[in-house]
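Chains, contacts and geometry: an overview
Chain by chain, the residues:
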Amino acid sequence: MSGFHKDVILKDDAPSQLILSKHKNFILSYAKNQESYEFVMSEWLRASGVYWCLTALKLMHNSELKEEDLFNFVMSCYNKEKGGFGASENHDPHLLYTLSAVQILAIIGRLDDLDKDKVVSFVTALQQSDGSFWGDEWGEVDTRFTFCAFATLVLIGKLPECDVAKGVQFVLRCKNFDGAFGCVPGSESHAGQVFCCVGALSIANQLHLLDIDQLAWWLCERQLPSGGLNGRPEKLPDVCYSWWVLSALKIIGRLHWLDKSSLVKFILASQDEEVGGFADRPGDMVDPFHTLFGLAGLSLLGDQHIAKVNPVLCLPQSLVDSLGLKLEMVSQNL
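As a starting point, this report considers the structure included with it. (Residues numbered from 1 in each chain as written. Predicted model: local features only at pLDDT ≥ 70, side-chain atom pairs only at ≥ 80, totals over all residues. Heavy atoms only, no water.)

**Remarks on the packing of helix H7 (residues 143–155) against helix H8 (residues 164–173)**
Where H7 meets H8, the axes come as close as 10 Å, and the angle between the chain directions of the two elements is 150°. Viewed along their axes, H7 and H8 adopt a mutual orientation that is roughly antiparallel. Where H7 crosses over H8, the two elements pack in a sense that is left-handed. Every residue of H8 that contacts H7 at Thr143, Thr146 and Phe150 is listed here: Val164, Gly167, Val168, Phe170 and Val171. Of the residues in the contact of H7 with H8, the class split is 5 nonpolar, 3 polar and no charged. (Axes fitted to C-alpha atoms, helices over the stretch in contact; angles between N-to-C directions. Helix = DSSP H or I, 4+ residues; strand = E, 2+ residues; numbered from the N terminus. Parallel < 35°, antiparallel > 145°, perpendicular 65-115°, else oblique. Left-handed = near helix turned anticlockwise from the far one by under 90°. Contact = heavy atoms within 4.5 Å. Nonpolar A, V, L, I, M, F, W, Y, C, P; charged D, E, K, R; others polar.)

In structure tokens:
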């Protein structure tokens, strides 16, 4: 980590202890204040926002959100004709929000209330002849959508219904010379895409197709002198990469290659001591997205105050175990 880096400087008085009670109150107030500007303006991604809030609370051992209200919201986003879920009521169905909806239903124990065959039809109809997936009927292709498709199907026990082998081959075509992955073949490597591709390969039980040490080296190079992680070279650190980078390293058995203590310091410094929540970096505004991934990152780093998180599905590990899912992981290599 020598030379010049775009980075942040952590202040001496930055938070250094985890303030869970503040984070619980932040998420609960955010979820309940439906008249706020932030709530109104987030309609376009609300299903994912509900998933972020609910999962964050579960990782903090909190169950105060009413599960029947959550179920009713999710089903209001369901398109009965097409079988997928939109971001909110009357929004077009999309793979991103279909996964969020299925994750919510899994958390509240309502997967059996889902018309799984219709969901399968929606997901599989979006797979293309080259193995890729469209996000929706409008044709955007991205490795995010491959992960969303695989994750959705594995959660409902229907992974073999899509062409897994072709999906894997598409993911591998998105690999770059540096060992990392982009959103489509030939696109820039990005840590978020790496998570999606590594997660998809884990679900498909195909991690042996990776050059693990080369990929791990690229991921570890995302750590900056502040301890934070960025998503690609010459970018500022961001708490969300405490999930995208760490989860990928956990899956391929190389989490121990990072400087964990300095990363913990960066994550904790990104808390708001007054209102709770995590920001993208110290001093910025907090939000549920970064709060979930800050907590999930701390869980992967071994914080005992937070429930263990599954590095592939970003759900409590206890839930993944209860569903009987055994997702491929590489054992730690010194």
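**Some remarks on the nonpolar core**
Among the nonpolar cores identified, the biggest contains 116 residues, and Phe150, Ile203 and Leu313 are the most heavily contacted of them. Here Ile203 is in contact with Phe147, Phe150, Ala151, Val154, Leu159, Val312, Leu313 and Leu327, once residues within four sequence places are set aside. (Core = buried A, V, L, I, M, F, W, Y, C linked by side-chain atoms within 4.5 Å. Buried < 20%, exposed > 50% of the residue type's maximum accessible area, 1.4 Å probe, protein only.)

**As for the packing of helix H3 (residues 46–59) against helix H13 (residues 288–300)**
Contact pair H3 / H13: the axes reach a minimum separation of 9 Å and the direction vectors enclose 35°. Once H3 is placed against H13, the crossing between them reads as left-handed. Touching Tyr51, Trp52, Cys53, Thr55, Ala56 and Leu59 of H3 are Pro288, Phe289, Leu292, Phe293, Leu295 and Ala296, all from H13. When the residues that make up the contact of H3 with H13 are grouped by side-chain class, the tally is 11 nonpolar, 1 polar and no charged.

**A look at the packing of aromatic side chains**
Remark: the centre distance and the inter-plane angle together describe each pair of aromatic rings, the angle taken between the planes. Applying the stated criterion to the full structure yields 10 aromatic pairs. Each residue in the set Trp52, Phe147, Phe195, Trp243, Trp244, Phe289 and Phe293 is aromatic and connected to the rest through ring pairs, giving one cluster. One Lys or Arg, Arg110, reaches over the ring of Phe71 and ends 3.7 Å from the middle of that ring. Positioned above the aromatic ring of Trp218, the side-chain terminus of Arg222 is 4.5 Å from the ring centre. (Phe/Tyr/Trp six-rings, centres within 6.5 Å; stacked < 30°, edge-to-face > 60°. Lys NZ or Arg CZ within 6 Å of the ring centre and 35° of its normal.)

**Thoughts on helix H9 (residues 191–203)**
Given a rise of 1.5 Å per residue, 13 residues ought to cover 18 Å, and the 18 Å separating the end C-alpha atoms of H9 matches this to within 8%. Counting buried residues in H9 gives 13 out of 13 residues, a clear majority hidden from the surface. Taken from the residues just after H9, Asn205 is the one with a positive phi, measuring 65°. (Expected span 1.5 Å × (residues − 1).)

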